[in-house]
Amino acid sequence: MIQILGLLVLPLIGVVALLVNRLMCLGARDENIVLYTALATTALLFIGMFVGFQPFSVMLVPQVDFAFSFQLNGLSLPFMLLATVLPILGLWSAVKEIKEKRNLFYLLYMLSYLSLIAVFMSSNLISLFVFWEIVLVAFFFIIAFWGEEERRGRASMKFLIFTQFGSLTMLGAFILMFVYTGSFNLFTIQSLISQVPQTISYVIFIFILIAAIIKMPIFPLHSWLPDAHVTAPTTGSVLLAGVLLKLGGYIFLLFGVTLLPNIAHNLMVPLILLGVFTVIYSTLVASAQKDLKRLVAYSSIFYMGLVFIGSATVSNAGINGAVLLMVSHGFIVGMLFVLAGLLKEKTGTRDITKVGGLAEKMPTYAMFFVFAVLATLGVPGLSNFPGELLVFLGAYSVYAIALVSLVGVLIATNYYLYAVKAVLFGALKKTAQKFSDISTMDAVQLGAFSVFIISIGILPSLITNLVGVTI
Amino acid sequence: MLDLILLPMLAAFLLIVVIGEKLARSYAIAIAGCAISLGMATYLFVANFNSTTVDSFNWMSISGSNFLLSLTGTNLSLGFSVLVSFISLMVLVFSVFYMRGEPQVRYYSQMSIFIFSMLGLVLSGSTLLFYIFWELVGVSSYLLIGFWYKKETAAAAGKKALIMTRIGDMAFLAAIIVLFLSTGTFSISSTIQAIPYLPSSIVLLTGALILIAAMSKSAQFPFYTWLPDAMEGPTPVSALLHSATMVAAGAYLLVVTVPLMSAAGLGPVIISIAMITAFIAIMLALHEKQIKRILAYSTIESLAFMFIAVGTLNAGGAMFYLFSHAVFKSLLFLVSGVLTTLFGVYDIYLLRARKLTGSWLMWPAFIGLASLAGLPPFMSMFAHVALAANFNLYENLAFLGIDFFTALFSFRLFFVVFNKGRGARLESEMADAFPIILLSAIAVAGGALAFYFNSIIQTTLSFGPFSLLSVVASVAGAYIAYALFYQNRSTSILKYFVGAASRLAEHGYDSIIKAVGDAVVRLGVMVSELDDRLSRAFELGADYSLALSADSRPIQTGSANSYIIAIIIGMIAVMAVAAAFV
C-alpha cells in the first residue's frame, strides 16, 4: 500500500522547489523541476494502481466537518491518470512557447497539477472545492498572462465568470448536502442521501447539473470555451480541454448520476435530448470554423456532448463509455491542440484556408495530424472508438432516439477530413516553400500521445477496469 | 489465425517505425509479410477443412456483459482469406513495377495495413470485430485513394470515399448495437441463430441498416459516385480495393447475413437496388472514355450482380462470382496499369493511336474482358451460371439484357484500344508479366473450381436454357461492339441512347450530392453565426452589469442625511408591502 498523500507531497515539493529556485536565484531550469516531480508523481500513481492506496484524513474544522481527506472513489483513477500524465505530455509546448515570467508560469502549472490530482481524490467536499478553485484561478492567470494579446483580457474574464458561477452552484449543492446529512464527507453523504427530501434532492441535482453544463461544456453555457481555447497558450489548451473539462463530467457522474440515480433517471429523456442537441449543434458550428484551434474547441464540445449523453443514460455501459471517452478525448484533444500549436509555430497562422499542401514539406507532421484526426473520428483500434461504442450502446438501451447523435459523427468526419485536406493535401502554396518539418522533440511529444491513444484503443479494459461504480 | 492477420501489420510496423524511407527495396518486407500470410491461410484452409476453429479474446467486460472479439476459421472465411492474400500478393508484386520512384515506405505500409484489415474482416467471427476491420478497411482505403495527395482531385476522392462509406459505417454500428442489445451476443453465428426469436421490427430495422452499410461499401445506388472518383488512386490500389477486397466486403457482409435479409424480407429490395445500379453502371460505362473509370463502372455492375444473387438468397452464387470477379477484375486493372504507365494516357481513344493490336497485352485484356462479358469457357461464365441459380423468369429475362449490354461495353473497350493499327512492341519484365499471366491463367482455367466450390459454400450450378441464352446475348453484344467500334459503323444511335442517361446519372446526380454537402456547410455557417450571437449576448450582459454598477455609484454620496432618508423610504415601502399582504 502506498500513502495516497504521496501523490500530493511530490507536486508540493515541486512547488516549493520552484519557489526556492525563484527566491534564492538558484538558476535551475524550471521546466526540469516540473518534469521530474511530475514524472515521480506518475510513477507513484502507477505503482499505487497495482499495490493500492492508503487513505489519508486530517480534520481541520470539526464544527463544519472540514477535513483534508483523500481516498479513492470508484471514479478517481481514470481521471487521476489524465491529470498526472497530460501535463507531462503538454510540457514541451510550454517550453517552446512561454518566454516571459517563466518561473511564475511553471509555479501556476505545478499548482494546478497538484490541485487537479487533489480534486479527483478528495473525499471531503470542502477540500474538493478548495482545490477546484485553485485550478480555476491558476488557469485564469495562465490565460490572462500568457494568452494571445488581443483577446486575453476578455477571454480570461469570460472563463472566470462562467466557471465561477458553476463553482457557486456546486458549492450550493454541497451546502445543501451538508445541511441535510450533517457531513461533507462523500462516503457519509452517499450512505445518508436517502434521508434528503425529494425536492431538496432535485435542487442539489440541478445545481450540480448547472455546474457540469458550464464546465463540460454543454449548450447553452458553452460560449466561454472557444474564446478561452483560442486565446490560451498551447499547453493551457491541452490541460483545459484534456483535464479541466473532465472536472465537469467527473462531478456530474459523482454527485449527479451515481449519487442521485433516481432523479437522474427521471430527468433522463430531457438530458439525453440536450446532449443530442449539443452534439448536432457543436458539429454544425465546427463545420464553419476556419481557425484550427476553434474547430478543435467546438469538436471538444461535441465529444463532451457524447459524454453527457452517456452519463445521462444512467446505465453501466453509458457511464463506462463516458469515462472511457473522457480519458481518450483527453489524449486526443491534447494531441490536436499540440498540432494546432505547431501549425501556428511553423506557418504563422492557424487559418486552415491559408495553408495547404504541407504534407510535402512536413511529412512527419502530416502523419501525426492524420493519425490524430482518425483517432478523434472514432476509428477502431484507437481510443475514441470503445468509448463511443459504449455510449451509443447505453443510449440505445434506454432511449433509442439518442442514436441520432451518430449524425454528429458524420458531420465531424466531414469537417475533420476537410481540415486534413485543406492543411496537408493539394498543391503546396508558394508561401510555404521554406517550411521545415517538426523537430525530433515535437515528434517524441506527439508519439507519446499516440502511444496512449493506441494502447487504450486496443485494450480499453485498461481504463474500464479502473472504473468502480455500478448503477 | 491471429498471426496470419498480424503479419502484414507487422510488415507495416517494420516499414514505418524501424526502416523509414531509407531502404530502397522496402517492397520485399511487404511482399514477404503477405506471402507468409498466404501460405498460412492456405495451410489452415487445407488442415482445418470442414472444421470450425475459433480464436476468442475478451476485449472488455462491462458489468457482466463481455465484449468478445473472435476470429472464426470456416471453409468460407479461410477460403476467402486465401483469395484476399493471393490477390494482394499479385498486386504487391505488380507494384514493384508500377510504384517505382514513388514514396515506397508510405505506399507499402499503407497497403500492408489495408491487407491486414481485409484479412481480419474476412476471418471475423463477431459482429464487433467485423465492424472494427470494416472501418479500418475504409480508413486505409481513404489513405490509399488519396495517395497522390498533391493532386487536388486525389485528395478530394479519398475524402469523398471515406465520407460516403462512413454513412454506411454508422448504419452498421447502429445495427450492431441493436442486435447486441436484442440478442446479448456479438457472435455472428449466435446472432444468426437468434433471428427467428427476434421481433419482426428489430429484424427489419437491423436488416435495413446492414443493407445500407453494404450498399455504401459496395458502391451501389445511391452511393456509387465515390467509386469512379476513387480511380484517382494508383492503379495497383484500384486493382486491390476494387476487385477482391474493399468493395467486395459489402457483398461479403450480405453473404454472411443472408438469413437476416431473408427473415426481414429484403430480397426484392436488394434486387431492385442492384438492378438500378447495374443499369446506371452500364450507361456510364458505355459513355466513359477513361479506361480506369470504365473498369470502375464495371466493378459497380459486378457488385450489383452479387447483390442480385444475395437478393435471390443464393449466397453461394454471389460468393463464387466474387471469387471469379476478383481474379478477372484485378487482371484488367493490372493490364490498364501497364498501358497507362507506358503511355501516360487514360483515354481509350488515345490508347488506340498507339497501335497496340498484336502486342502481348492483347491476350490478357481479351481474357479479362471476355470474363467480364461472361463468355465461355472462362471461369466467369460458370460464375454467371452459379449466380443465376435461383433466378425466376423475370430476373432471367432482365439478365439477358444486362448480359448483352455488359458484353457491349466491355468489347467496346477492347475494340477501341485494340483496333486496326498494329505493330507496337511492349517491353515487359517479371514484376508486371508474372501477376498478369498467372491471373489470366486462373481466369481461363478457374472454371473447374466451380465444381469444388460447393464444399466452401453451398453453390448450385444448373445449366438450363437461360444459361445458353445469356451466352448468346453476350456474344451478340460482343458482335455489335465489333461492328460499331472495330469496323466503325455509325455509333450515333448508341450515343443518343447512352448520352442522356449517363449525363443524368453522372453530372445530375453528383451535383445533388454536392448540394447536400454544401447545404450542411451553409447550415453550419448559419448556426455558427447564431453561436457568435449567443456568445456576444453573454458578454453584453456582463457589460451591462458593469455599466449598471457604474451608474449606481453616485448613489453612494457618503452623506448621512441622504442615507437616513433612504432608510426611512425603504422602511415605509417594506411596511406598505407587509400591510398589503396582511
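Residues numbered from 1 in each chain as written. Chains lettered and ligands numbered in written order. Predicted model: local features only at pLDDT ≥ 70, side-chain atom pairs only at ≥ 80, totals over all residues.

1. A closer look at the interface of chain A and chain B
In step 1: In this complex, chain A contributes 42 residues to the contact, which on the side of chain B involves 39 residues.
In step 2: Elements that contribute at least two residues to the side of chain A that touches chain B include exactly α6 (152–181), α12 (268–287), α14 (316–347), α15 (358–361), α17 (384–398), α18 (406–424) and α20 (461–464) of chain A.
In step 3: Tallying contributions element by element places α18(A) first for the side of chain A that touches chain B, with nine residues.
In step 4: Considering only residue class, the side of chain A that touches chain B consists of 26 nonpolar, 13 polar and three charged. (Contact = placed C-beta atoms within 7 Å. Helix = DSSP H or I, 4+ residues; strand = E, 2+ residues; numbered from the N terminus. Nonpolar A, V, L, I, M, F, W, Y, C, P; charged D, E, K, R; others polar.)

2. So, the nonpolar core
In step 1: Ile208(A), Phe369(A), Ala251(B) and Phe307(B) are the most contacted members of the largest nonpolar core, which totals 402 residues.
In step 2: Examining the composition of this core, we find that 19 residues originate from one element, α14(A), more than from any other.
In step 3: The contact partners of Phe369(A), leaving out residues within four places of it in the chain, are Leu339(A), Val420(A), Val423(A) and Leu424(A). (Core = buried A, V, L, I, M, F, W, Y, C linked by C-beta atoms within 7 Å. Buried ≥ 20, exposed ≤ 12 C-beta atoms within 10 Å, placed from the backbone.)

3. Considerations on helix α4 (residues 102–121) of chain A
In step 1: When the terminal C-alpha atoms of α4(A) are compared, their 29 Å separation across 20 residues agrees well with the 28 Å that a helix rising 1.5 Å per residue should span.
In step 2: Extensive coverage of α4(A) is indicated by the burial of 17 of its 20 residues. (Expected span 1.5 Å × (residues − 1).)

4. Structural notes on the pairing of strand β2 (residues 65–73) of chain B
All names here are of chain B.
In step 1: Where strand β1 (residues 53–62) lies against β2, nine bridges are found, and the strand directions are antiparallel. Within β2, the residue paired with aspartate 55 across the bridge is leucine 71.
In step 2: Taking the residues that link successive antiparallel strands as the turn, the β1-β2 hairpin has two residues, and the phi of serine 63 there is positive, at about 40 degrees. (Pairing = 2+ DSSP bridges.)

5. Brief notes about the pairing of strand β3 (residues 56–61) of chain A
Residue and element names in this part refer to chain A.
In step 1: Across the six residues that make up β3, only a small minority, zero, are buried.
In step 2: In terms of strand pairing, β3 meets strand β4 (residues 66–70) through five bridges, oriented antiparallel. The residue of β4 that forms the bridge with phenylalanine 56 is phenylalanine 70.
In step 3: Hairpin connection between β3 and β4: a loop of four residues separates the two successive antiparallel strands, and aspartate 65 in this loop has a positive phi of roughly 60 degrees.

6. Thoughts on the domain arrangement of chain B
In step 1: The assigned domain composition of chain B is domain 1 (274–489) and domain 2 (515–557).
In step 2: The straight-line distance from the C-alpha centre of domain 1 of chain B to that of domain 2 of chain B is 63 Å. (Domains from an automatic or database assignment.)

7. Overview of the packing of α12(A) against helix α13 (residues 292–312) of chain A
All names here are of chain A.
In step 1: Taken N-terminus to C-terminus, the directions of α12 and α13 make an angle of 165 degrees; their axes are 8 Å apart at the nearest point. Judged by the inter-axis angle, α12 sits roughly antiparallel to α13. Note on packing geometry: the crossing formed by α12 with α13 is left-handed. Residues Met268, Leu271, Ile272, Gly275, Val276, Thr278, Val279, Ser282, Thr283, Val285 and Ala286 of α12 lie in contact with α13, whose contacting residues are Leu295, Tyr298, Ser299, Ile301, Phe302, Gly305, Leu306, Phe308, Ile309 and Ala312.
In step 2: Partitioning the contact of α12 with α13 into residue classes produces 15 nonpolar, six polar and no charged. (Axes fitted to C-alpha atoms, helices over the stretch in contact; angles between N-to-C directions. Parallel < 35°, antiparallel > 145°, perpendicular 65-115°, else oblique. Left-handed = near helix turned anticlockwise from the far one by under 90°.)

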